[in-house]
Amino acid sequence: MGAMGNFAVSFSVISVLSGCMTLYGFGLATGGPAVMVWGWVGVGAMVLFVAAGLAEVTSAYPTSGALYYMADRLGGRRWGWYTGWLNLLGLLGAIAGIDYGAALFVGAFADLQWGLAPTPGSTLAVFFCVLLLHALLNLFGVRVVSVLNAVSVWWHLAGVAVVVGVLAFVPAHHRTPSFVFGEFVNDTGWSNPLYVTAIGLLLAQYTFSGYDASAHLSEETTGAQVNAPRGIMRAVLWSWVAGFVLLVGLTFAIQDYAGARDTATGVPPAQIFLDALGPSGAKALLLVVIVAQLFCGNAEVAACSRMVFAFSRDGALPGSAWWRQVDRRTGSPRRAVWLSVAVAGVLALPSLYSTTAYGAVTAVNVIGITPAYAIPIYLRLRRHDSFRPGPWNLGRWSRPVGWIAVVWVAVVTVLFCLPQSRPEHGTLSVDTFNYAPVALGAVLLLAAVRWRVAGRRSYGTPGGSGDGTLDLARPFGHTHGHAMD
């Protein structure tokens, strides 16, 4: 990959046509237009601080292991170990969230085209088909992935322009600016508007995740010490602009707020398209969105499989010798690809029984991967002047940017462990329970047990030369002495 390919993979994973669209219904209930629009602006600004801090550390340590390798180098083996497990949880949650969102939109299209009403079972079946498609595409090697991601960039930019342009000129009726930028809606059951606003930020924070993909593809990127951090920053910045345009354009076009929120299609944007444009126009725009979501999920599988490969190469996963195998012909970590999509499939199974499961899966992504972003930044701050920056660095702004990033991540991690819907009569049910903290706790427990049983003996990262060049040929399972051994 060159600079464009590396930027493209993170831009594709962020995918405003995936995150903004699939959680739009969540946003309609948790704060409404005001929280969606201004939350996007505020969260995007804070994510730029996180991205900048992460980009600086990426420039110093450009490897497929990315976040956990950085944490290992800066803080010791145990920091790297737990960061890796958090990163892996977030990436797997991202695959599940992206591809399940695509399945929801496919279901809405099938409803409009053939009258096939979506059910939890049919949506899950489509979801498994999408996972299979992405697994197969990722078996062809990084060049195919790179080409698809390059096409994805232009598809996303053109797609946002088409969706917003059509919604701006075709409908006879539009909402007022005061509605788009000031209407607050609370259908969560919680009475505190600040609490509702806080959980409503999930739409933006979920969308702004996955930009570590540029770091995970470092070992397949030319000039990675510069191109990988630039890929991270450019992906976040362009997504910030494109997502704002998309959310504003979509909200202006709402014809029936309650009808969109409670739509039989299961996808509020599909109902907005239908009300504003009629069946033909709605189906055309849905196809634009679905293709973008398929690009997004494919890029996320590429990033996650590289993480699985690198973590296995360093002896961290059970059965590491099996998962770290690379296909000699394509250079693709085939078994890591299959493991990634299989676990993502399991994460979405609660959707058969719970209407709120999709929000929980997206929260799993956020509370897994977002802390993993902050840990290398925090450890870099703790190292003070002993950190040796790469060619892309923040200079004297490194510390203030880094501390803002760490504080923001701490706040959002707590927010998305909280209940998203208020239980009736104070009793939790499958429809009001937030599964994200359970997933987080399970992964941390698994990591702790695995560390005690085998990890502290089997896990070890390769040494670095100080200029980003790594000794990746060392025997698997070799470990180093670190401060936190």
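Check the entry above for the structure.
On a predicted model such as this, the values are computed, not experimentally measured, just so you know.

Asks: Which residues make up the nonpolar core, and what are the values?
Replies: In terms of nonpolar packing, the biggest core is built from 142 residues, with Met-21, Leu-167, Tyr-211, Leu-246 and Phe-273 touching the most fellow members. With 19 residues, helix H15 (residues 268-313) is the single largest residue contributor to this core. In this structure Phe-273 touches Met-21, Val-163, Leu-167, Leu-250, Gly-278, Ala-282, Leu-285, Leu-286 and Val-289, once residues within four positions along its chain are discounted. With 10 residues, the next largest nonpolar core counts Val-9, Ala-213, Ala-302 and Ala-303 among its residues.

Asks: Break down the environment of Thr-197 for me, with residues and values.
Replies: Tracing the chain through its elements places Thr-197 in helix H10 (residues 193-200). Considering only alpha carbons, one finds Thr-197 and Arg-329, 132 residues apart in sequence, at a separation of 50 Å. If we skip the residues at most four places from it in the chain, Thr-197 touches Val-35 and Phe-184.

Asks: Help me get a handle on a positive patch on the surface, residues and values and all.
Replies: Taken together, the side chains of Arg-78, Arg-452, Arg-456 and Arg-457 present a region of like positive charge at the surface. Here Arg-456 is to be found in helix H20 (residues 436-458). When its relative accessible area of 37% is taken as the criterion, Arg-456 is described as partly exposed.

Asks: Residues and numbers for the pattern of salt bridges, please.
Replies: A complete count under the given rule lists seven salt bridges for this structure. A salt bridge links Arg-261 to Asp-187, with the shortest nitrogen-to-oxygen separation between them at 2.5 Å. Linking Arg-261 in helix H14 (residues 257-261) with Asp-187 in the loop between strand S2 (185-186) and H10, this pair joins segments that are 74 residues apart in sequence. The exposure class assigned to Arg-261 is partly exposed, which follows from its relative accessible area of 27%. For Asp-187, a relative accessible area of 42% corresponds to the partly exposed category. Sharing partners across several salt bridges, the network here consists of Asp-187, Arg-261 and Asp-262.

Asks: Before we move on, could you go through unusual backbone geometry and cite the residues and values that matter?
Replies: One non-glycine residue, Ser-15, lies in positive phi territory at about 45°. By the element assignment, Ser-15 lies in the loop between helix H1 (3-14) and helix H2 (16-22). Overall, Ser-15 belongs to the buried group, its relative accessible area being 1%. Of note in this structure, Ala-66 is not a glycine but carries a positive phi near 55°. Mapping Ala-66 onto the fold places it in the loop between helix H4 (32-60) and helix H5 (67-75).

Calculation notes
Residues numbered from 1 in each chain as written. Predicted model: local features only at pLDDT ≥ 70, side-chain atom pairs only at ≥ 80, totals over all residues. Heavy atoms only, no water. Core = buried A, V, L, I, M, F, W, Y, C linked by side-chain atoms within 4.5 Å. Buried < 20%, exposed > 50% of the residue type's maximum accessible area, 1.4 Å probe, protein only. Helix = DSSP H or I, 4+ residues; strand = E, 2+ residues; numbered from the N terminus. Contact = heavy atoms within 4.5 Å. Patch = residues over 30% accessible without salt bridge, like charges linked within 9 Å, V, L, I, M, F, W, Y side chains within 5 Å. Areas by Shrake-Rupley, 256 points an atom, 1.4 Å probe, with all protein chains shown as cover. Salt bridge = Lys/Arg side-chain N within 4 Å of Asp/Glu carboxyl O. Lys, Arg positive; Asp, Glu negative; His and termini not counted. Charge placed at Lys NZ, Arg CZ, Asp CG, Glu CD.

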